[in-house]
Every structure is written in structure tokens, then in C-alpha cells.
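What follows is each chain in one-letter form.
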Amino acid sequence: MTSLDASMDAPASVPSRLPSSVPVTARRPIRFTGQPRSYWRLLIRGAALLMVTLGIYRFWLATDVRRFLWSHTEIAGDNLEYSGTAVELLIGFLCALVIMVPIYLAFFLAALDIGLIGALSGGLGVALLFVLGQYSIYLVRRYRLSRTLYRGLRFHQDGNAVVYAIGASLWWAATALTLGLTLPWMQAWRERYKMRHTYYGTVPGRFTGAGWRLFLRGLPLWLIVFVPFAIGFSALTEAYDPETIRLVLRKASDDDIIARIEQLDPGLIDTIGLAIAALSMAVILAGLVYPLFQSIQLRWWLSGLRIGEMTARSHLRTACVYAAYLRFVAYILLCAIALMLAAVPLLMVFGWLLQGDDVALWREAAAALIGLGTYVVSMLALSTIYHATVTFSLWRLATESLALDRFDTLERVTAAGGRPSSAIGEGLADALQVGGL
Amino acid sequence: MTSSGPAVFYDGATNERHAVTVTLEAAGLRIADAAQRTLAEWRYDHLESVSAPDDVLRIGLLHDPGTARLDVRDPELMTAIDIKAEGIDRTGGLARRQRATVTGWIIAATVLLLLVAWFGIPSIAGRLTSLVPAGLERRLGDAVEMQTRTVLDTAGAGENFECGRGPREQAGRAAFDKLVRRLEANAGLASPVRAFVVRRAEANAIALPGGTVFVFEGLINQARTPDELAGVIAHELGHVAHRDGTRSVLQGAGLSFLFGMVLGDFVGGGAVVIAARTVLQSSYTREVETAADAYSVDLMNSIGADGSALAAILTRIGGATEPGMKILMDHPDTRQRATTIRARAEAPHGAPLIDAADWAALKRICEQ
């Protein structure tokens, strides 16, 4: 932990890492001054209030988190400002409900129709909700940019959310069909579209990252995960025999399923074992290379960002990303131990509440509350730890690893973009659960 | 007391950085650049402190869509402005008070939503149920029936999932229909009942929206007299008469909306949503079951059959299964049910519902 803490306390060392041949005036360092301790406090208080308010507090927590991250990001001596409010998010959400309820109602009624419409409505519904999710992601970005101020000037985003939603959905479909191989081109398309419609005042943005560059860097990782996955998957297809499954599951009761499979097809157990081993291998490898992939993608993305003539270059170090995830795992383990220790008295209370044959309803209600409460506390702890370690570190690493060239071209920018946009996209994203931070 | 100090000013029109001197005057701040030109004059009661790191006091104008900002880093100037301007409080007391008020309101809203879940949704669903036209209810029933068959038919029997189709089962099917028609004739239902016996080992029966009733094979095996079986079917006809299936679909939709969308699945995984739905929905249905029991006894009384037979078969089935948690049980306590049923039942009179030969055939309805 000492080395991790040291890296947290040394933001000043980042500028010194830059090559000394470049004049300091051309490259303006970005500093992140947020303290992990304050961020933890903010998240823990937020989690407690989320629990008490059954989640309604989320609009206030999201606003607090963004204010914290934005305001502690200092570019050339000036801090970013997040000017959105929780009430805006709440109103946006209520408006989104007004849109979503008729849609859900229409799906419900369509599902009652037994004919073609009924059969289609399920798949069609999923597809439509997916496109709507992409649509709201674009609007979310518009809201957040128009609430981002730097030196008294707003960012803003134009462009057509419908075009983005359709394009992104088609790219997602292609990515799913190619098992992720076209992901780099999808990311490039999405970032190009978003940045082309992004402005700081009157200055337009661009994205210059090329899909094939990300593809070449990501391909080895894809192969590492795909090979065991392919082995496991082909073993499963080989083992798949509807007749055997039907026979095995026919009287799915207490007798030993494995024994029955053994009896029907002696080689099957080995094939299934191989499939399970290979697939778990793929999952473990995916978890191991995920931070590496994230670091590659983050570097690629940051280095492709352009605003006017200003260019960005990221020197993000992969080891730091791994350190963030290691911290996450360490805190999760600590938290699990704490929960287990807390479980002993809780189980005793639980047993006391439910003892006897005829248990009163209030005792059952109390026991149920304890059970549900434990679950809610663990889930909230998980998300709090994730945000306090991974999200926090990635934000810090992304900003501090950034070198901005020709920043001086952004010295005299004029305001543009008119009024800030509405929060309805945030509401839609919340209702569809695609929002994120 | 400081009356002026350095700051940085952005006018909101360009991103130019103005190094300024801020002078505290009687009514407001005067912001002037190095050449003593006044760039802005802001009244104290219009000032608002906006989000910034702790060591910066960033001031904007209240209720102003513009984005002019004044960044003060000089501690003495900060304190001086803090004292003059009501909307700025560096101690954080103002922000804490506002936050406490907001939190109070959110908690009040949460309590209100829980009250809606407990009292509002069953009452709204009850009222909406009577507004659902019969045609729509029928369609809803068909959709639910298709789903229920898929869920229940785990062995993949398809057409054969229903008992009474095979050549040796047809006599049983006829006897079963006779029993159902006898009950239905006296039930006075708005739409015809479609009742089936299905191959499931559990001793149970379910009523779907729109008047479809599934009787499980296990129940036929457990029933010792025609009146016991008739009592359970009459109970299900009670659900049909009270349109409980439709109401339960509406309640489920309401709860999903409330817990899934308005409150949001704030911990992910859907477990809280499912738990809340299960507990609340079973609390709604406990009353509904009592009403269906009463309906069954009244119907059995009216045709001269033994209304208390329902209590007998319930006790036998209920005794066989493990006692679960009451909070999750959608049926009231079996002993209490049996007592209520026996108290309501009248002594049987008149001919049996079906004769001994029909009953023997009915018992063999699932013996392919």
C-alpha cells in the first residue's frame, strides 16, 4: 500500500516527467487537486442517504460527484466548473417518465396481441429501447458539456441525437456480430461524431484517433481472451444434444444429475468439464487484461482529442491503472471481512427473531429488513469502493497524464451556444439505466 | 477590514483572463482592471458562490444565465465579501442548512412513495380493474395463459400437457367438465370459464385473468371427495368473479413502475425491486384469498354441496408443505382459513355433485 499512497501524493511529479526539450509555455499541465479522503466522505454520505431515500438522493449525489471532479481539475491555473444542479436532474427525470410510461404501456398492450405484432413486440421493444438508450447517451453528453465552464465560458454540443443513436446502434450490432473485433472503429466513429459537434465557445472540437491503431493494440488482448473462449464454446456445441438434455432434465428432482449424464453418455462429462475450464479461463483472462485494455483505450482516446488547434497527448501509465484496480480489490476484501464479522451478531438476531413455530408478522418483517439491509449495504459498499478507487483514479490519471500542445491558441475565445440544454436526456438515461457518472 | 483586493475576472463573453482589483462599496462589488476601468459592478444581494475548490471563492450572479465569474484567492478579501454578501457563506453553514432542508424533503417524499405502494397501488389497481373491458381481459388472459403454460410445462409435453386428451382419459375429462359446469351454472360469471387439468405434481390450482382455470394433477390425486375438488375450483371461480388475475397484473405493473423506475434500481441487480414486489404483492393477495374462500363456501352452500370440504383439503395440503415465512406467503395462515371456512359452511343437502362412477373416472383423468 505504501507505494500506492506515494503515487497518490505526488501529482506534482507529473509535469517533471515531460520531455525537457519542449518549452514549458507550449505545454500547459493539467493538475487534479481532489483529495481521496474528501471524495470518500462525499461518497459514503451519499450512499447512506441513497439507502434512506431508496435511491431518490441519486440526483444530488451525481451532482456532488461531478462538482467535485470538475472543480478539482485545474487546467493552466484555472479550475473547471460544473454548473448543473440536482433539481435540474430531478425535473429531467420526471419529464423522462412522462415519455417512458406511454412507451412501456404501448409495449404492454402490443404484447397482448397474440398475432405478428405480439411476436415482434418483444424483440422490437428491446431494439427500440437500445436505440433510445444511445439517443439519451448523446443528450446526456450535451447536458454535461453545456454545464461545463472554463474561464467563464461554456462548452456546448450540437449535432443530431437521432443520427448518433442510429449510427451507434448499427455499430453496436456489428460489434456484437464480430465478437468485438469492430469495437475500435465503433469507438472512432462515436468519438468523431461527438467531438465534431463539440465546441468550447466558438471553437469546434475534432477527434483524430484512428480505429485501426486501437485495433492493432487491442488485437493481442482480444486473442488472449478469444482463444480459450472459442475452445470452451466449441466443446459446448459438441456436447449439446437436445435429446440428452431432455432425458437428463426430464425428471429433474433430487437424484444425482451427474450420475444420470454419466449413464447416458460416458464421454460427455469430460467435454463439459473442458468447456467449463476453458470458459472460466476466458473469464479470468478477461478480468486480468481488462485494466490493460482500458489503459490502451484511454490513451488512444485522450491522444485523439482536439479543440481548435490545441492537441492533446496522453502519457497514461498502464501500471497506474492496474494499481487502481488492485486498490479496488483490496478494499473489497477488507469490506468482505468486515461484513462477515458483522454477520455473526446479525445472524444471532435473525435466529432470535425467527425462532419458534408461530412467528409474529412483525418479527418476520424485521428479519426480512435485516436480510435486505445487509444486501443493500453490501451493494452500496461495492459501488462506493468502485467509485472511490477506480473512477477517482482513472479521472486523476487521465487528467494528469495529459499534455496539451498549442494551448495558447485558446486564449481569446468568444462565448457561443446560447442557453444551456435541458436535462431530459439525463432523465431518459436514468430511466433506461444507461447513465453512468 | 479590507476594502479591496486582487482577483481574477472572466466576463462571460470571452475567456480572457482579467487580473482585477475588487473594491467593496456600499451596495456591491466594483471590479476594475489595472487601468482602473470598471469591468462590472455586482450588487451584494445578487452574489452567489458557485462550485470551486476549497481555496478559491468563485462568485457568479444569482438567477443569471450568463457565465461571468470572479475568482477570489485572497483570504482577507474572501472574508470581507463573506461578511457583506448574504448569499455567500465560507463557513459552509448556509450550504449545510440548505442540504438538510433538501434531505428532509427527499425523505418525506420517500415515505410518501412507500405509502403509495402500500395503500395507493392496491386501491388504484382495484378501481382500474373494473374499467378493463372484457375483450381486453380475455386477451390479457390468453397472453398470460401462453406464458404460464411455457413456465409450467417443464417436461416439454406440449399439447399433451393437458390431461383428458388421451383415449383413456376422455371419460375423466367429461366428468371434470360436468363438475365445472355444475359450479359455473350457479356462479353467475360474466364470461365463460375454461378449466383444464394439467400434468403438474403439486397440489394446486390457479386462475388466470379472463376466466382460465388450471387444476394441477397433484390436486386431483389429493382430493378424496368431489366436494373437496369442487371447493377448490369454486375458490378459483371466486378469483375469476372478483377479476383478481387482472388486478394482480395491474398491481404488478404499478409496483414495477414505482420500484423499478421512480425509485430506480439504486443498488443494481434488481433484488430490491423483486423483494419489494414479492412482499407487497403477497400482502395485497392475502385479503384476496380470504374473499375467494368466502365466495367458494357461498357457492357450495347455494348448490347444496359441502362448503367445509375446502377446509379439509386445505388442511391436508397445507400440513404436507413446510411452513414458510408469513411475509412471503400469498395465502393466509391455513388453520385460520379452515376455521373461517367451517364457520361459514352450511350442512350439505341434496344429491352429490357427480356420481361415484364419474368421480372414479375423474380421478383417472391423467392416466394416459
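Heads up: the structure comes first, above all this text.
Remember, it's a predicted structure, so these values are computed and weren't measured experimentally. (Residues numbered from 1 in each chain as written. Chains lettered and ligands numbered in written order. Predicted model: local features only at pLDDT ≥ 70, side-chain atom pairs only at ≥ 80, totals over all residues. Heavy atoms only, no water.)

## What to know about the pattern of salt bridges
Two side chains of opposite charge can pair, provided their charged atoms sit close to one another. Per the stated rule, a full pass over the model turns up 36 salt bridges over all chains. Between A:Glu81 and B:Arg69 there is a salt bridge whose closest N-O contact spans 2.7 Å. Residue A:Glu81 is found in strand β4 (residues 81-82), and its partner B:Arg69 is found in strand β7 (residues 69-72); the two belong to separate chains. Between B:Asp244 and B:Arg247 there is a salt bridge whose closest N-O contact spans 3.3 Å. (Salt bridge = Lys/Arg side-chain N within 4 Å of Asp/Glu carboxyl O. Helix = DSSP H or I, 4+ residues; strand = E, 2+ residues; numbered from the N terminus.)

## Here we look at the packing of helix α4 (residues 170-187) of chain B against helix α11 (residues 356-363) of chain B
Each pair of packed helices can be described by the angle between their axes along with the distance between the axes. Residues and elements named next belong to chain B. At a minimum axis distance of 7 Å, the contact between α4 and α11 shows a crossing angle of 115°. For α4 against α11, the interelement crossing comes out left-handed. Counting all contacts with α4, which are made through Ala-171, Gly-172, Ala-175, Phe-176, Lys-178 and Leu-179, the residues of α11 involved are Asp-358, Ala-361 and Leu-362. Split into classes, the residues belonging to the contact of α4 with α11 amount to six nonpolar, one polar and two charged. (Axes fitted to C-alpha atoms, helices over the stretch in contact; angles between N-to-C directions. Left-handed = near helix turned anticlockwise from the far one by under 90°. Contact = heavy atoms within 4.5 Å. Nonpolar A, V, L, I, M, F, W, Y, C, P; charged D, E, K, R; others polar.)

## Considerations on the environment of B:Arg17
Among the secondary structure elements, B:Arg17 is positioned in the loop between β1 (4-10) and β2 (18-24). In this structure, B:Arg17 is in contact with A:Gly77, A:Asp78, A:Arg151, B:Val8, B:Phe9 and B:Tyr10, ignoring residues within four places of it in sequence. At a separation of 3.1 Å, a polar atom in the side chain of B:Arg17 contacts the side chain of A:Asp78. (Polar contact = N/O pair within 3.5 Å; in protein donor to acceptor, adjacent residues only side chain to side chain.)

## Some remarks on the pairing of strand β9 (residues 205-208) of chain B
Residues and elements named next belong to chain B. Here β9 pairs with strand β10 (residues 212-216) via four bridges, running antiparallel. Each bridged residue has a counterpart across the sheet, and for Ile-206 the counterpart in β10 is Phe-214. Here β9 hands over to β10 after three residues, with Gly-210 in that stretch at a positive phi of 85°. (Pairing = 2+ DSSP bridges.)

## Describing the sheet that holds strand β3 (residues 28-32) of chain B
Residue and element names in this part refer to chain B. The strand order across the open sheet formed by seven strands is β4-β3-β2-β1-β7-β6-β5, and the pairing between neighbours is antiparallel. Single-partner strands in this sheet number two, and they are β4 (38-43) and β5 (47-50). Geometrically, the sheet is characterised by an average inter-axis angle of 35° between neighbouring strands, direction not taken into account. By the bridge criterion, three bridges tie β1 to β7 in an arrangement that is antiparallel. Following the sheet pairing, Phe-9 is matched in β7 by Leu-70. Across the sheet, helix α1 (residues 75-84) touches β1, β2, β3, β5, β6 (57-61) and β7, and the angle it forms with β2 is around 50°.

## Considerations on a nonpolar patch on the surface
A cluster of nonpolar residues, A:Met51, A:Val52, A:Val377, B:Ile107, B:Val111, B:Leu112, B:Leu115, B:Val116, B:Trp118 and B:Phe119, forms a patch on the protein surface that exposes about 860 Å² of accessible area. Broken down by secondary-structure element, the contributors of at least two residues to the nonpolar patch are α3 (36-52) of chain A together with α2 (93-129) of chain B. Among the elements that make up the nonpolar patch, the one with the highest residue count is α2(B) (seven residues). Here B:Leu112 falls in the exposed class, since its relative accessible area comes to 54%. (Patch = residues over 30% accessible without salt bridge, like charges linked within 9 Å, V, L, I, M, F, W, Y side chains within 5 Å. Areas by Shrake-Rupley, 256 points an atom, 1.4 Å probe, with all protein chains shown as cover. Buried < 20%, exposed > 50% of the residue type's maximum accessible area, 1.4 Å probe, protein only.)

## Focus: the interface of chain A and chain B
Between chain A and chain B, the residue contacts involve 60 residues of the former and 52 residues of the latter. Buried area between chain A and chain B, both sides added, is near 4700 Å², and the carbon and sulfur share of it is 62%. Applying the counting criterion to the chain A and chain B interface returns five salt bridges. Between the two partners, chain A and chain B, sit 14 residue pairs in polar contact (both at pLDDT 80 or more). Those elements giving two or more residues to the side of chain A that touches chain B turn out to be α3, α4 (58-71), β3 (78-79), β4, α5 (86-112), β6 (153-157) and α14 (361-400) of chain A. Grouping the constituent residues of the side of chain A that touches chain B by class yields 37 nonpolar, nine polar and 14 charged. (Buried area = accessible area lost by both parts, 1.4 Å probe.)

## Considerations on the nonpolar core
In globular proteins that are soluble, nonpolar side chains generally tend to be buried together. Counting residues in each nonpolar core, the largest one holds 86 residues, and the members touching the most others are A:Tyr150, A:Ile307, A:Leu404 and B:Phe259. Among the elements that take part in this core, α14(A) stands out by supplying nine residues, more than any other. Those residues in contact with A:Ile307 that lie beyond four places of it in its chain are A:Phe155, A:Met195, A:Tyr200, A:Val203, A:Pro204, A:Gly205 and A:Leu410. B:Leu183, B:Ala305, B:Leu310 and B:Ala338 belong to the second largest nonpolar core, which has 45 residues in total. (Core = buried A, V, L, I, M, F, W, Y, C linked by side-chain atoms within 4.5 Å.)

## Describing the packing of helix α12 (residues 268-303) of chain A against helix α13 (residues 318-354) of chain A
Residues and elements named next belong to chain A. Here α12 crosses α13 at 130°, and the two axes come no closer than 9 Å. Viewed along their axes, α12 and α13 adopt a mutual orientation that is oblique. Between α12 and α13 the crossing geometry is right-handed. Of the residues in α13, those touching α12 at Leu-288, Val-289, Tyr-290, Pro-291, Leu-292, Gln-294, Ser-295 and Arg-299 are Thr-318, Val-321, Tyr-322 and Tyr-325. (Parallel < 35°, antiparallel > 145°, perpendicular 65-115°, else oblique.)

## Here we look at the environment of A:Ala365
Residue placement: A:Ala365 occurs in helix α14. Residues A:Ala365 and A:Leu353, 12 residues apart in the sequence, show an inter-C-alpha distance of 9.5 Å.

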